[in-house]
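Here is what each chain is made of, one letter per residue.
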Amino acid sequence: MRPEALNCLFVDSESLDGVGPRIRRPLEKLGLTRIKDLAYHLPDRFVERRMVTRLDEAGIGENVIVRLTVREHRASTGRGPYRIVTEDDAGDICTIAYFGRASYTGKKQLPVGETRWVAGRIDEYGQTRQMVHPEHVSESDTAPIGQQREAVYGLSEGMTQGRMGSLVKQALEHLPELPEWIESSQMAKSDWPAWHEALREAHRGPNEPARDRLAYDELFANALALMLVRASNRSQRGTPLQGDGRLRAKLSLPFALTGAQARSIREIEGDLAQTAPMLRLLQGDVGAGKTVVALSALLIAVEAGAQGAMLAPTEILARQHYTTLRKMLEGTGVEIALLTGRDKGKAREAILMGLLDGSIQIVVGTHAIFQDAVAYHNLALVVIDEQHRFGVGQRLMLARKGRRTPHTLAMTATPIPRTLTLAQYGEMEVSRLDELPPGRQAIDTRVVSTDRMDDVVGALSRHIQSGQQAYWVCPMVTESETDDIAAAEARYEALKERFGNRVVMVHGQLKGEEKDAGMERFSSGEASLLVATTVIEVGVDVPNATLMVIEQAERFGLAQLHQLRGRVGRGSEKSTCLLLRGKALSQTGRQRLALMRETQDGFRLAEEDLQLRGGGELLGTRQSGDTPFRLASLEQITKLLPLAHDDARLLMERDGGLEGARGEAARILLYLFERDYGVQLLRGG
Ligand code: ADP
Ligand code: MG
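Throughout this document, residue positions are counted from 1 along each chain, in the order its sequence is written. Written order decides the labels, with chains lettered from A and ligands numbered from 1. With the structure being a predicted model, the display of local features is reserved for residues of pLDDT at least 70 and the display and counting of side-chain atom pairs for 80 or more, all residues being used for whole-chain, interface and lining totals. With hydrogens and water excluded, all non-hydrogen atoms of the structure serve as input to the side-chain values.

- If you check an unreviewed UniProt entry, the chain appears there as Probable DNA 3'-5' helicase RecG from Novosphingobium decolorationis.

## Remarks on the overall build of the chain
Stage number 1. To qualify as a helix, a DSSP run of H or I must reach at least 4 residues; to qualify as a strand, a run of E must reach at least 2; elements of each kind are numbered from the N terminus. When you go through the chain residue by residue, the secondary structure sums to 23 helices and 23 strands.
Stage number 2. Expressed as a percentage of its 685 residues, the buried residues of the chain come to 54%.
Stage number 3. Under the convention used here, a 1.4 Å probe and the Shrake-Rupley method define accessible areas, while residue burial counts only the protein chains that appear. Carbon and sulfur atoms make up 48% of the accessible area of the chain, which totals about 30,300 Å². Burial classes: relative accessible area under 20% of the type maximum marks a residue as buried, over 50% as exposed, and values in between as partly exposed (1.4 Å probe, protein chains only).

## Some words on the environment of Gly-100
Stage number 1. When you line up the elements, Gly-100 lands in the loop between strand E5 (93-98) and helix H3 (102-109).
Stage number 2. Given a relative accessible area of 60%, Gly-100 falls into the exposed group.
Stage number 3. Along the chain, Gly-100 and Gly-80 lie 20 residues apart, while their C-alpha atoms are 8.9 Å from each other.

## Quick word on the site of ligand 1
Stage number 1. Near is defined per residue: the residue qualifies when any heavy atom it owns lies within 4 Å of the molecule or strand. Around ligand 1, a shell composed of 16 residues is seen, among which Ala-256, Gly-287, Lys-290, Thr-291 and Arg-440 lie nearest.
Stage number 2. For the purposes of these results, a polar contact is taken to be a pair of N or O atoms within 3.5 Å, where, inside protein, one atom must be able to donate a hydrogen and its partner to accept one; residues adjacent in sequence count only when each atom of the pair is a side-chain atom. Taking Gly-289, its main chain carries an N or O atom lying 3.0 Å from an oxygen atom of ligand 1.
Stage number 3. In isolation ligand 1 exposes 560 Å². Once the protein is present, 82% of that is buried.
Stage number 4. Residues that form the shell around ligand 1 fall into these classes: six nonpolar, five polar and five charged. All residues other than Ala, Val, Leu, Ile, Met, Phe, Trp, Tyr, Cys, Pro, Asp, Glu, Lys and Arg, Gly among them, are scored as polar; the first ten of these are nonpolar and the last four charged.

## Notes on the sheet that holds strand E13 (residues 336-339)
Stage number 1. For two strands to count as paired, DSSP must find a minimum of two bridges between them. Pairing is parallel in the open sheet, where seven strands are placed in the order E13-E14-E12-E15-E16-E11-E17. At either margin of the open sheet sits one strand with a lone partner, and together these are E13 and strand E17 (429-433). On average, each strand axis in the sheet is inclined to that of its neighbour by 20°, with strand direction left out of account.
Stage number 2. As judged from the four bridges shared by strand E15 (residues 379-384) and strand E16 (residues 407-412), these two strands associate in the parallel manner. Within E16, the residue paired with Val-382 across the bridge is Thr-408.
Stage number 3. Whether two residues touch is decided by their heavy atoms; if any such pair falls within 4.5 Å, the residues are in contact. In this description, a line fitted to the C-alpha atoms serves as the axis of each element, helices being fitted only across the stretch in contact, and the angle between N-to-C directions of two axes falls anywhere from 0 to 180 degrees. Taken strand by strand, helix H9 (residues 259-272) contacts strand E11 (279-284), E15, E16 and E17, and its axis lies near 160° from that of E17.

## So, the packing of helix H7 (residues 208-235) against helix H21 (residues 634-653)
Working note: a packed helix pair is described by the angle between its axes plus the distance between those axes.
Stage number 1. In contact at an axis separation of 8 Å, H7 and H21 are set at 50° when each is read in the N-to-C sense. If you check the angle between H7 and H21, you find them oblique. Note that H7 runs across H21; the crossing there is right-handed. Should an angle fall under 35 degrees it is called roughly parallel, over 145 degrees roughly antiparallel, and 65 to 115 degrees roughly perpendicular, with every other angle called oblique. In a left-handed crossing the near helix is turned counterclockwise from the far helix by less than a right angle, and in a right-handed crossing that turn is clockwise.

## A closer look at the nonpolar core
Stage number 1. For this analysis, a nonpolar core means a set of buried residues of the types Ala, Val, Leu, Ile, Met, Phe, Trp, Tyr and Cys, connected via side-chain atoms within 4.5 Å. One finds Leu-38, Trp-181, Trp-195, Leu-199, Leu-214 and Phe-220 to be the most contacted residues of the largest nonpolar core, which totals 63 residues.
Stage number 2. The greatest single-element share of this core, amounting to 12 residues, is contributed by H7.
Stage number 3. Filtering out sequence-adjacent residues up to four positions away, Leu-38 remains in contact with Ser-13, Leu-16, Leu-27, Leu-32, Met-164, Leu-167, Val-168, Ala-171 and His-203.
Stage number 4. Among the nonpolar cores identified, the runner-up in size contains 39 residues, and Leu-295, Met-328, Val-364 and Leu-433 belong to it.

## With respect to the pattern of salt bridges
Stage number 1. Take a side-chain nitrogen of Lys or Arg and a carboxyl oxygen of Asp or Glu: if they are within 4 Å of each other, that pair is a salt bridge. Across all of its chains, the model carries 42 salt bridges by this definition.
Stage number 2. With a shortest N-O distance of 3.9 Å, Arg-662 and Glu-183 are connected by a salt bridge. Taken together, the residues span a long stretch of sequence, with Arg-662 in helix H22 (residues 660-672) and Glu-183 in the loop between helix H4 (161-173) and helix H5 (184-190) at a distance of 479 residues.
Stage number 3. Classification of Glu-183 as partly exposed rests on a relative accessible area of 24%.
Stage number 4. Each of Arg-263, Glu-267, Asp-271, Arg-280 and Asp-434 takes part in one network of salt bridges that share partners.

## So, the pairing of strand E23 (residues 575-581)
Successive residues of a regular strand alternate their side chains across the two faces of the sheet.
Stage number 1. Counting buried positions over the seven residues of E23 gives six, a clear majority of the element.
Stage number 2. Alignment of strand E22 (residues 545-550) against E23, held across four bridges, turns out to be parallel. Each residue of the ladder has a partner; that of Ile-550, found in E23, is Leu-579.
Stage number 3. A crossover connection joins E22 to the parallel E23 through helix H18 (residues 558-565); in handedness this β-α-β unit is right-handed. Here a crossover is taken to be right-handed if, once the strands point away from the viewer, the path from the first strand over the helix to the second is traced clockwise.

## Points about the environment of Val-447
Stage number 1. Of note, Val-447 is situated in strand E18 (residues 443-449).
Stage number 2. Here Val-447 falls in the partly exposed class, since its relative accessible area comes to 23%.
Stage number 3. It is 7.4 Å that separates the C-alpha atoms of Val-447 and Arg-597, two residues lying 150 residues apart in sequence.
Stage number 4. In contact with Val-447, not counting residues within four places along its chain, are Leu-579, Arg-581, Leu-593 and Arg-597.

## Regarding helix H6 (residues 195-204)
Stage number 1. Taken together, the buried positions of H6 are Trp-195, His-196, Ala-198, Leu-199, Ala-202 and His-203.
Stage number 2. Looking at the buried side of H6, the elements it contacts are helix H2 (35-39), strand E1 (45-48), strand E10 (149-152), H4, H7 and H22.

## As for the confidence of the model for the chain
Stage number 1. Per-residue pLDDT for the chain averages 86, and the proportion of residues at 70 or more is 88%.
Stage number 2. Contacts for the low-pLDDT stretch residues 615-625, under 50 throughout, to residues beyond four places or in other chains number 18 contacts. A residue's pLDDT is simply how confident the predictor is in it, with values from 0 to 100.

Written as structure tokens, this is what we have:
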């Protein structure tokens, strides 16, 4: 049960003044559905605004508050903005521009002939001063709104800074008093404010100690939860699994295992034979051959008379694993089934029965495989592919499925920098596939300007003519970003015009069956070109696809580009990756793409990405899945995680865990960051 003191933070944000149906959606889009989410929605930055009496006192690019009188409205022509011509007290002109639907706001707030206080940034447009989308407009006889310094929050469509600011302010009024969970010596050493204070300060202005403290809280909660998981795992009994090798001997593999694969399998075999449940991470770069290692682990479980499950992060990947594994299992007599959220009715019933009576020995699926309705005869091993996509909580839910705690093998292709490995996996044992299967050729990576689109399409055409396949990847920040979908659809249409029905498209907003059909046509070779958003990022394996084009490559994280590029270079043919870059590329953007060209070493890319990003570049989009944290930046993780980790260990080992006064406070922290599965485990174990 959540500590009572926290209840007010978990109240729906709908209870705040000014949250109606219209604001609800934009809030949901940002994940700000509760008071606590709003309180933790920290500003991206702050603007300092200077009050000026005349426009010519302000520099170009400066944020000001100035009194302007409206002279004229000019409707937009074509794609141009709606322009409102204003002048200051001295008669100097400033045009205020509104794009799209924002023009309604402008029309309402700035009627002709009226004088208003306007806050925003002065830019230049041709010969005149211009202000695009002013931050605030208020009536001239009232005091100017907007303090001299104002927080700038991340917004979604339909939301304004003013509205967000007022919601956050209300949320902060609901903060309860909480006991301190950080060691007092640590607080003093870093000069950190108390929790309450830290939240307020972080919204008030740039304040490093306050922000660090809040990030530390998150890291500490995470470290503590992982330690609780680990401790609970140690205290639990699993089923020791001893395989006799009879099924593995029947496997028909078209290749010999690499040394790294054989070693990893031995390590896993050793763990499975123990009573303590295995908690092992299999880390291997894209294409390193994790699937066959997973299969061997699953077969050990089956040989020992138990069941194994394999969890994939997406429907596409689950389906593909199922197909691959089933093929490899031919002739072994092992029953394997696929279970996803899409299976309904009789087919689903049959699978559920098979899992319950044990006639199905291996199940592959999405998170549907650990829903309540799914019961197992004797589940003893869970393999989780692309573990970084799942939270620890999800993994534990699965762990509760067996009568005894199943062994867990987590797999990841993400070359996580060392600092993050600790954060995401705590103290799991690690097996590394540090050797690629033989015969792989380097992927020829090139950075090409979007201006050369015709050349790119020409090269693509020749490639397809020669009988090989290709991927075309369009950026997609989140799967709900309508502009991105539209751009991807437009690209698909254009390519279809050229290549006819040899082109298929797959993106996150298509129906499941449509996605499958597209993927199926591509992997069978019927289609030559797959246009996709990042849904193909993880795990898709089509060795005949040897060309990859990535549009707006600068918008992707390096780790993500690396994953994408890993889709080619899987066969023995030479592969090529074309990174199309936009015209306005920042210095860092340039460096990052150059790095992609230079190396294919996932670990190096990840480390350097961390460096480049740590350099203060605002990525604009937060790559979901990169870190399990909402607050802590990569820089803060690097700086504070070791501290948080040590502190969590001390609390667990020396200070009596969650007992005692500080333990009580730490328990509140776990609930605050929704890492309370740790607490529940403690109770259960
Ligand atoms: P990962 O999941 O680690 O990205 P996969 O398991 O999908 O990689 O393997 C990538 C490709 O390499 C597959 O086509 C697979 O059949 C092949 N492969 C795996 N192990 C070997 C090996 N030892 N020798 C040759 N090819 C291999
Ligand atoms: Mg894989």
